[in-house]
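Tertiary structure, described
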Amino acid sequence: MRIVRFTPLSGDTNQTEGEISYGVLTGEVDQFGQPAEDAVIVALAGDPLYVGLKLVEKEYAVGDVRLLAPIIPRSKVIGIGKNYAKHAAEMGGEVPAEPLMFLKPNTSVIGPNDVIRLPRQSEEVHYEGELAVVIGRICRDVPAEKAKDVIHGYTVANDVTARDLQRRDGQFTRAKGFDTFCPLGPWIETELDASNVQVQTYLNGDLVQDGNTSDLVFDIPTLVAHVSSVMTLLPGDVILTGTPDGVGPLSADDEVEIVVSGIGALTNKVAPRA
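It should be emphasised that the depicted structure is a prediction, and the values quoted were computed from it without experimental measurement.

In this structure, Lys 104 sits in strand E8 (residues 100–104). On the basis of relative accessible area, Lys 104 is assigned to the buried category, the value being 2%. Polar contacts involving the side chain of Lys 104 include one to the side chain of Asp 159, which spans 2.6 Å. One polar contact links the side chain of Lys 104 to the main-chain carbonyl oxygen of Lys 176, over a distance of 2.9 Å. Residues contacting Lys 104, with those up to four places away along its chain left out, are Lys 76, Val 77, Asp 159, Val 160, Lys 176, Phe 181, Cys 182 and Leu 240.

Remark on secondary structure: sheet strands pair via backbone hydrogen bonds, oriented parallel or antiparallel. Pairing within the open sheet is mixed, and its five strands lie in the order E10-E21-E20-E16-E17. In this open sheet, the two strands that pair with only one neighbour each are strand E10 (115–118) and strand E17 (206–212). Each strand axis lies, on average, 20 degrees off the axis of its neighbour in the sheet, ignoring direction. Across five bridges, strand E16 (residues 198–203) lies against strand E20 (residues 255–260) in antiparallel orientation. Pairing of Val 199 across the sheet is with Val 260, part of E20.

The next subject is the packing of aromatic side chains. Summed over the entire model, instances satisfying the criterion amount to three aromatic pairs. Relative to Tyr 60, the ring of Phe 6 lies with its centre 5.0 Å away and its plane at 65 degrees, an arrangement referred to as edge-to-face. Here Phe 6 is found in strand E1 (residues 2–10), whereas its partner Tyr 60 is found in strand E5 (residues 55–61), with 54 residues between them in sequence. Given the relative accessible area of 14%, Tyr 60 is considered buried. The aromatic ring of Phe 172 is capped on one face by Lys 176, whose charged end is 5.7 Å from the ring centroid.

Think of an α-helix as turning once every 3.6 residues; residues three or four places apart then point the same way. Of the residues making up helix H5 (residues 220–230), those classed as buried are Ile 220, Leu 223, Val 224, Ala 225, His 226, Val 227 and Ser 228. Its buried side turned inward, H5 meets strand E7 (77–81), E8, strand E12 (129–135), strand E13 (151–158) and strand E18 (238–240).

We now examine the pairing of E17. By the bridge criterion, six bridges tie E16 to E17 in an arrangement that is antiparallel. Residue Tyr 202 lies in a different strand from E17, and its bridge partner there is Leu 207. Connecting E16 to the antiparallel partner E17 that follows it, the hairpin turn spans two residues, and Asn 204 within it adopts a positive phi of roughly 50 degrees.

This part covers unusual backbone geometry. Omega for the bond connecting Gly 185 with Pro 186 falls within 30 degrees of zero, at 0 degrees, which places this linkage in the cis form. Note on placement: Pro 186 falls in strand E15 (residues 182–189). The backbone phi angle of Asp 141 is positive, close to 55 degrees, even though this residue is not glycine. Here Asp 141 is to be found in the loop between E12 and E13. Unlike most non-glycine residues, Thr 180 shows phi in positive territory, near 80 degrees. Take Thr 180: it is sitting in the loop between helix H4 (173–177) and E15. On the basis of relative accessible area, Thr 180 is assigned to the buried category, the value being 12%.

Rules of the game
- Per chain, residues are indexed from 1 in the order of the written sequence.
- This being a predicted model, a pLDDT of at least 70 is required before a residue's local features are given, and a value of 80 or more before pairs of side-chain atoms are given or counted; all residues contribute to the totals for chains, interfaces and linings.
- Side-chain numbers come from the whole structure's heavy atoms, not from hydrogens or water.
- Each helix is a run of H or I in the DSSP string that is no shorter than four residues. Each strand is a run of E no shorter than two, and both are numbered from the N terminus.
- Relative accessible area decides the class of each residue, using a 1.4 Å probe on protein chains only: under 20% of the type maximum gives buried, over 50% gives exposed, and in between gives partly exposed.
- By the criterion applied in these results, polar contacts are pairs of N or O atoms within 3.5 Å in which, for protein atoms, one can donate a hydrogen and the other can accept it, and in which residues neighboring in sequence qualify only through two side-chain atoms.
- Contact between two residues is taken to exist if any of their heavy atoms lie within 4.5 Å; hydrogens are not considered.
- Pairing between strands is defined by DSSP: at least two bridges between them are needed.
- Working convention: axes come from line fits to C-alpha atoms, limited for helices to the stretch in contact. Angles between N-to-C directions cover 0 to 180 degrees.
- Each pair of aromatic rings taken from Phe, Tyr and Trp, with Trp reduced to its six-membered ring, is defined by centres within 6.5 Å and is described as stacked if the planes are under 30 degrees apart, edge-to-face if over 60, and tilted in the remaining cases.
- A ring is scored as having a charge over it whenever the NZ atom of a lysine or the CZ atom of an arginine sits within 6 Å of its centre and within 35 degrees of its normal.

Limitation: the analysis is restricted to geometry and does not speak to function.
In structure tokens form, the structure reads like this:
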């Protein structure tokens, strides 16, 4: 099931009406992660994390809405560093002995087709395509074998990083915490075998990252167990599972697209911060 968060467009003005709704996307998604032209969104009564999956008798054509980030974490986004061996190598480091965690603020989250803004403090901002895990309920100390019980679903993420600031600071908070540095979308897929999905990044149409979650150093159940052993996870919290090798710089006027098989495509343009 594909859960979307959206706002309807108003008539011929192509302006949003302002009211944020949730729905279930029906129809097919093509090999490039795009929904079919006849895809329909069936509205939900509210945020399914809190009111459950309650369908209402209202439908929207995909072309009549603006898709938003499918989740705005009320608490936190937890990133995992160097979770693909080849990416650890390209960063000049070893694979960590245990998951390397960092936090991104929820103010860094944007949705599909929103603009990634390049901060004035950095001259080297990188894309990082990733699979993201969305937590479905309050949990702590979750055994790896019970991880599926607390996962609401999966979405696509771009862990945008100011690489020069990351090197300068020696830690990740500023480098990964700028506004717009956590695109998420286009929807949450609740039914996915996340152990073997392809993660690809396209920069201006060129393939620059091509990985598979089967190559994760620490698999998703291990990540959920490790993170929840440190901090309580809340509904809507997001765990970024790590990026494959092939990270590289973003420039103004670029377009970056992350495609995760079984979910869809997340596209964002890049511009300087105003």
